[in-house]
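Reading the structure
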Amino acid sequence: DEAQHAVGEYDYVWIAKQYQKNSPYPRILALSASPGSDLEKITEVCQNLFIEDIEVRSDEDPDLKPYVQETTVDYMLIDLPKEFKEAQEHLQYCYKKKLKMLKELGATDSIMYASKTQLLSLQKEMQKRLAQGERDPEVWQSLSLLAEAMKIQFTQELFETQGVHAAHEYAKKLYQEAEVTKVKATKNLVIDPDFKSAYYKITQLFENKVEHPKFNRLLSLVEEESKTCKKILIFCNFRDSAMKLKNALNLISGVKSELFVGQAKKKGLGMSQKVQIQMLENFKEEKFNVLIGTSVGEEGIDIPAVDLIIFYEPVPSAIRTVQRRGRTGRMKEGRVIVLVTKGTRDEAYRWTAHHKE
């Protein structure tokens, strides 16, 4: 099950090989609701699991149609306030400046935009050149600029899609690191005038306790929907945001929420498998009505049928979007609401996932 994982070093690859080698009559049936969005990835899965034949079903196929429940997806567009846009612009200027410098060094050909994936593959390429013994100072300079660009990008993502608290905490950490580290990228970034201006604006918002408009919209949405929905599942990418949402939701009358996270401990948050199973059992028995999950809730675990799913942010992956959506509409019609902040990464991620799908 979840056959799309059979790539690279994943256990499935090793198990399939051993089975194929040792079984007199091997037969593998692989299932996946989201095999991948490009031919290369799907081919790799097929090779690793020794797949000879593929059957594809869509919800329009006659043998599947009777069992498919309709799931409606609504995109809720949210405006970014003026004071947010000011900080956003400073981060944007800062980011473009780094890309321009990278272009001048011949490391990239775009001065407008480069995705996280593109920056990571550039970084890999540079590191490979150094590992092969290249000693060009421009390669070192490019690596340092790439590190700066990625830090800016992460600050942008937190600020645009999560909120003030998350972005402030991350930027503050960079300033603290800059005092003790020898890493040039961090030192250079915190003295950049645009980054400084963005940090100043974010700090002002933080001190004035201004929330991202998405945060308040989600609270009022859950308050309204909980009157008619027995079970609501919220997906949120970052544990910090999820924790903050949980605390705020539990102050609303008629709402009792719990946080569902993975087993890895991050900032003291982590759940054993036993605790995870118990929590899902309690959700099934309606001991609480709102479950907030990070990416761990997307697949491989049996989340009881939910009436409504809310994405706190769109994800740029078709696989993860399909998996999240599939948590509703199992026994009866399902509903999905995706919160999208206009003019931010949210919009870009929404369309990225849509085209990949």
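For the structure itself, consult the block above.
What comes next is a walk through the structure. Since the structure is predicted, the reported quantities are computational estimates derived from the model, not experimental observations.

1. Topic: the pairing of strand E5 (residues 308-311)
Every second residue of E5 is oriented toward a common face, with Leu 308 and Ile 310 on one face and Ile 309 and Phe 311 on the other, all of them buried. Across four bridges, strand E2 (residues 232-235) lies against E5 in parallel orientation. Bridge pairing in E5 places Leu 233 opposite Ile 309. As judged from the four bridges shared by E5 and strand E6 (residues 334-341), these two strands associate in the parallel manner. The residue of E6 that forms the bridge with Leu 308 is Arg 335.

2. Description of the packing of helix H4 (residues 116-131) against helix H5 (residues 137-162)
It is at 10 Å that the axes of H4 and H5 come closest, and there the two elements cross at 155°. With respect to H5, the element H4 is oriented roughly antiparallel. For the pair H4 and H5, the crossing hand works out as left-handed. Along the contact surface, H4 presents Lys 116, Leu 119, Leu 120, Leu 122, Gln 123, Met 126, Gln 127, Arg 129 and Leu 130, while H5 presents Val 139, Trp 140, Ser 142, Leu 143, Leu 146, Ala 149, Met 150, Gln 153 and Glu 157. Of the residues belonging to the contact of H4 with H5, the class tally is eleven nonpolar, four polar and three charged.

3. As for the nonpolar core
Within the largest apolar cluster, 41 residues are counted, with the highest numbers of intra-cluster contacts made by Leu 218, Val 222, Ile 234, Leu 249, Ile 292 and Ile 310. Every element with two or more residues in this core is listed here: helix H9 (213-225), E2, helix H10 (239-249), strand E3 (257-260), helix H11 (273-284), strand E4 (290-293), E5 and E6. Among all residues touching Leu 249, those that are not within four sequence positions of it are Leu 218, Leu 219, Val 222, Ile 234, Val 255, Ser 257, Val 290 and Ile 292. Formed by 39 residues, the second largest nonpolar core is a distinct cluster that contains Leu 102, Leu 119, Leu 146 and Val 164.

Parameters at a glance
Residues numbered from 1 in each chain as written. Predicted model: local features only at pLDDT ≥ 70, side-chain atom pairs only at ≥ 80, totals over all residues. Heavy atoms only, no water. Buried < 20%, exposed > 50% of the residue type's maximum accessible area, 1.4 Å probe, protein only. Helix = DSSP H or I, 4+ residues; strand = E, 2+ residues; numbered from the N terminus. Pairing = 2+ DSSP bridges. Axes fitted to C-alpha atoms, helices over the stretch in contact; angles between N-to-C directions. Parallel < 35°, antiparallel > 145°, perpendicular 65-115°, else oblique. Left-handed = near helix turned anticlockwise from the far one by under 90°. Contact = heavy atoms within 4.5 Å. Nonpolar A, V, L, I, M, F, W, Y, C, P; charged D, E, K, R; others polar. Core = buried A, V, L, I, M, F, W, Y, C linked by side-chain atoms within 4.5 Å.

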